[in-house]
Amino acid sequence: KGKKITTIHDVIFKARPQDYSVIDRFIYSKKVDYACRHSDIILTISNISKNDLINYFNVDPQKIILTYCSADPVFKVPKDQEQLLNLIKLYKLPSEYWITVASFHPRKNQESILNAYQYIPENKRIPLVFTGEGKNKKKLLELSTAKGLEKWVYPVGHIPTEHLISLLHGSKGLLYPSLYEGFGLPALEALQLEVPVIAHRGTSLEEVCGDYGNYVDTQNAEEFANTLIHLGQSPKPKFAEDPEFLAHLSNFSTEKLVSDLHKIYYK
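So, here's what we can say about the structure.

Criteria and cut-off values
- Residues numbered from 1 in each chain as written.
- Predicted model: local features only at pLDDT ≥ 70, side-chain atom pairs only at ≥ 80, totals over all residues.
- Heavy atoms only, no water.
- Pairing = 2+ DSSP bridges.
- Helix = DSSP H or I, 4+ residues; strand = E, 2+ residues; numbered from the N terminus.
- Axes fitted to C-alpha atoms, helices over the stretch in contact; angles between N-to-C directions.
- Contact = heavy atoms within 4.5 Å.
- Salt bridge = Lys/Arg side-chain N within 4 Å of Asp/Glu carboxyl O.
- Buried < 20%, exposed > 50% of the residue type's maximum accessible area, 1.4 Å probe, protein only.
- Polar contact = N/O pair within 3.5 Å; in protein donor to acceptor, adjacent residues only side chain to side chain.
- Core = buried A, V, L, I, M, F, W, Y, C linked by side-chain atoms within 4.5 Å.
- Patch = residues over 30% accessible without salt bridge, like charges linked within 9 Å, V, L, I, M, F, W, Y side chains within 5 Å.
- Areas by Shrake-Rupley, 256 points an atom, 1.4 Å probe, with all protein chains shown as cover.
- Phe/Tyr/Trp six-rings, centres within 6.5 Å; stacked < 30°, edge-to-face > 60°.

**Examining the sheet that holds strand S3 (residues 64-66)**
Reading across the sheet, the three strands line up as S1-S2-S3 and stay open at both edges, with parallel pairing between neighbours. Unpaired on one side and paired on the other, strand S1 (5-7) and S3 mark the two borders of the sheet. Within this sheet the neighbouring strands show an average axis-to-axis angle of 25 degrees, counted without direction. Where helix H12 (residues 254-265) meets the sheet, it contacts S1, strand S2 (41-44) and S3, and its direction lies at approximately 170 degrees from that of S2.

Below is the structure:
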């Protein structure tokens, strides 16, 4: 009898139907449609997801409240440089590298990185560390071999969070070419570690990273390559010295999220 609140993170199955089976799309659509019609309030995690709910499910915008995700506070700048050096030895990595943090899935668009690398001269190529697993991993590794790029590709699979924190912080930057995200938590985790992010233009990553992200049409291999060359030769930005950067991160703090949810649920 009380008011109903539903959190809907995304409706990617509507935006990218090619990534889902017919039966999955049918079931998800039924569930989301029911939730939208019977909920008094709908919480979602980005304006991208909010607009999708309005466009695909005809939800009243007044019914939707935006509540951004927060990154785990363990994603903070590590102080132990020796740990990074030990991990580089453990995973047999080069000292300088880009890193990706994602499952291997068509939407994650990792092949765009390999396409861009064909336009980067060998002496300007920075090695690529791929974390995660997924059905497309084998295909990506085969593609790297077919393109003659295998010596720049380092797949490390799933790694412990504490290892990820150090390797992410020690990287040249996070490559996040995903074509569609409800939010994009790895990008926020990277920013929290003061690590540059390169993301696909026009996605929710522009909300997450704001003025501190680098956005490119990752499906344009030459444009992506030029961005990688430019940022690869640039020093890492010192985000923490910018007070506006800290203000940006505060929009995604755990404290703000808890406070916002408390107000919404006790309204």
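**Comments concerning the pattern of salt bridges**
Tallying each qualifying case throughout the model produces nine salt bridges. Salt-bridge contacts for Asp33 lead to Arg37; the nearest nitrogen and oxygen are separated by 2.9 Å. Linking Asp33 with Arg37, this pair stays in helix H2 (residues 22-38), spanning four residues, or about one helical turn. When its relative accessible area of 28% is taken as the criterion, Asp33 is described as partly exposed. You can call Arg37 exposed: its relative accessible area is 53%.

**Considerations on the side chain of Arg16**
Its location among the elements puts Arg16 in the loop between helix H1 (12-15) and H2. Since its relative accessible area comes to 13%, Arg16 is described here as buried. Within the local environment of Arg16, its side chain forms a polar contact with the side chain of Asp19, the two groups lying 2.6 Å apart. For Arg16, the contacting residues outside a window of four places in its chain are Pro106, Arg107, Leu179 and Tyr180.

**Topic: the nonpolar core**
Grouped together as the largest cluster of nonpolar side chains are 37 residues, with contacts concentrated most on Ile99, Leu167, Leu168, Leu174, Leu191 and Val197. Broken down by secondary-structure element, the contributors of at least two residues to this core are helix H4 (81-90), strand S4 (98-101), helix H7 (161-170), strand S7 (173-176), helix H8 (185-192), strand S8 (197-200), helix H9 (205-209) and helix H11 (243-250). Other than its neighbours up to four places away in sequence, Leu167 contacts Leu84, Leu87, Tyr91, Leu93, Tyr97, Ile99 and Ile159.

**Digging into a nonpolar patch on the surface**
On the surface, Ile23, Phe26, Ile27 and Tyr28 cluster together into a nonpolar patch covering about 380 Å² of accessible area. As for its placement among the helices and strands, Ile23 is situated in helix H2. Since its relative accessible area comes to 52%, Ile23 is described here as exposed.

**Some details on the sheet that holds S8**
Taken together, the six strands give an open sheet; going across it, the order is S6-S5-S4-S7-S8-S9, and neighbouring strands pair in parallel fashion. What marks the edges here is a single partner per strand, and that holds for strand S6 (153-157) and strand S9 (213-216). With direction set aside, neighbouring strand axes in the sheet form an average angle of 25 degrees. Bridging between S4 and S7 involves two bridges; their strand directions are parallel.

**Looking at the packing of aromatic side chains**
Across all of its chains, the model carries eleven aromatic pairs by this definition. On the numbers, 4.9 Å between centres and 50 degrees between planes, the contact of Tyr68 with Phe252 is tilted. Here the residue Tyr68 occupies a position in the loop between S3 and H4, and Phe252 occupies one in the loop between H11 and H12, the gap between them amounting to 184 residues. Taking the relative accessible area as the measure of exposure, Phe252 reaches 3% and is therefore buried. Aromatic pair Phe104 and Phe130: ring centres 6.2 Å apart, planes at 40 degrees, arrangement tilted. Placement of Phe104 in the loop between S4 and helix H5 (111-117) and of Phe130 in strand S5 (residues 128-131) is noted, with a sequence separation of 26 residues between them. As far as the burial class goes, Phe104 and Phe130 line up, both buried.

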